[in-house]
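# A structural walkthrough
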Amino acid sequence: MGHWFSRNIVEPGKLPMLLALASFVLTFLVTRTVTRLIRAGKGPFRNVSSGGLHIHHVVPGVVLTVLGGFGAVASGRHGAGAAAFAVVFGVGAGLVLDEFALILHLDDVYWSEEGRQSVEVVVLTAALMLLALSGFSPLGVDDMTSGERADRTTFILTLLLNFLFALVTLVKGKLRMALIGVFVPFVALVGAVRLARPGSWWARRLYRRRPRARARSRLRAYRHDKRWTRLRRRFQDLIGGFQERVPGRGSTPS
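Cut-offs used in this document
- Residues numbered from 1 in each chain as written.
- Predicted model: local features only at pLDDT ≥ 70, side-chain atom pairs only at ≥ 80, totals over all residues.
- Heavy atoms only, no water.
- Helix = DSSP H or I, 4+ residues; strand = E, 2+ residues; numbered from the N terminus.
- Buried < 20%, exposed > 50% of the residue type's maximum accessible area, 1.4 Å probe, protein only.
- Contact = heavy atoms within 4.5 Å.
- Areas by Shrake-Rupley, 256 points an atom, 1.4 Å probe, with all protein chains shown as cover.
- Lys, Arg positive; Asp, Glu negative; His and termini not counted.
- Charge placed at Lys NZ, Arg CZ, Asp CG, Glu CD.
- Patch = residues over 30% accessible without salt bridge, like charges linked within 9 Å, V, L, I, M, F, W, Y side chains within 5 Å.
- Salt bridge = Lys/Arg side-chain N within 4 Å of Asp/Glu carboxyl O.

Our next topic: the overall build of the protein chain. Along the backbone of the protein chain there are 12 helices and 2 strands. Put simply, the protein chain runs from its N terminus to its C terminus through helices and strands in the order α-α-β-β-α-α-α-α-α-α-α-α-α-α. Taken over the C-alpha atoms alone, the protein chain extends approximately 60 × 55 × 35 Å along its principal axes. Scored against the burial criterion, the 254 residues of the protein chain give a buried share of 31%. A separation of at least 24 residues holds for 60% of the contacts in the protein chain among residues at least 6 apart in sequence. For the protein chain, the exposed area adds up to about 15,600 Å²; of that, 66% sits on carbon and sulfur atoms. Of the side-chain charges in the protein chain, 35 are positive and 15 negative, and the distance between the mean point of each set is 11 Å.

Further remarks concern helix α9 (residues 175-183). Turning to α9, its buried residues are A178, G181 and F183. Where the residues of α9 are buried, they touch α6 (116-133), α8 (152-171) and α10 (185-193).

What follows deals with the side chain of S118. Tracing the backbone shows S118 in helix α6. For S118, a relative accessible area of 2% puts it in the buried group. When neighbours within four sequence positions are excluded, S118 is seen to be in contact with R32, L97, D98, E99, F100 and A101.

Below, the discussion takes up a nonpolar patch on the surface. A grouping of F163, L167, L170, L175 and L179 is seen on the molecular surface, where their side chains present a nonpolar patch of about 430 Å² in accessible area. Of all elements in the fold, only α8 and α9 reach the threshold of two or more residues within the nonpolar patch. Of all the elements, α8 adds the most residues to the nonpolar patch, at 3 residues. Tracing the chain through its elements places L167 in helix α8.

Further remarks concern the pattern of salt bridges. The final tally for this structure, using the stated rule, is 7 salt bridges. With a shortest N-O distance of 2.8 Å, R32 and D98 are connected by a salt bridge. Of this pair, R32 sits in helix α2 (residues 15-40) while D98 sits in helix α4 (residues 80-98), placing them 66 residues apart in sequence. A residue is classified by how much of its surface remains accessible, and R32, at 1% relative accessible area, is buried. Its relative accessible area of 0% is what places D98 among the buried residues. Note that R176 is salt-bridged to E120, the shortest N-O span being 2.6 Å. On the criterion of sequence distance, the pair formed by R176 in helix α9 and E120 in helix α6 is long-range, its members being 56 residues apart.

Set out below in structure tokens:
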């Protein structure tokens, strides 16, 4: 195990990324636990305020992200400095993305329905980092042989084709598939050839005079959402605690 770790993580310079991912996920989980305790009025934790102003944890998160990011750039991929700054960056990113919905809406929507976007972004970010850590390169470059990489024409055409698949998937309204497809081109290919989601740019422009395509798109989206939305919301509730009761406020998140 030690030999595998050294060969596949330490030597290629992936240790900072592993530490950043671990600290990112751990910070998010700890932060969610603390905020849920504060919301329920349990434990010694309280909101941080200064002069009547509530200090959201995105504020120290931004500071730590900036420090960790600049430090990581300056220290390279090896050594104790790179590892330390990677941890700082991961902690900061965890604090920032835990309040992604607040930044997006410029409003305190942490416990509201819009606050679920923070959990989605954190899960998606962790998945993309895990793909990169596992050796997946953007746009499928890792699948090419050394000879194909040396052939500039093949290399550029492969990049353009994979980028096109990801772009088509995006304009078809499938953001998650598009982002994952950047690392796994097969996912982007599947998203590109399947029907667009209703309301997407692709559906509005290209299905306008195709009523059968619009109907199939709505039916497929309905079946997909019926199958996966409930499961996704349960997962978000488990991590984010949106379903938990607050003393004196009933069961509705505030």
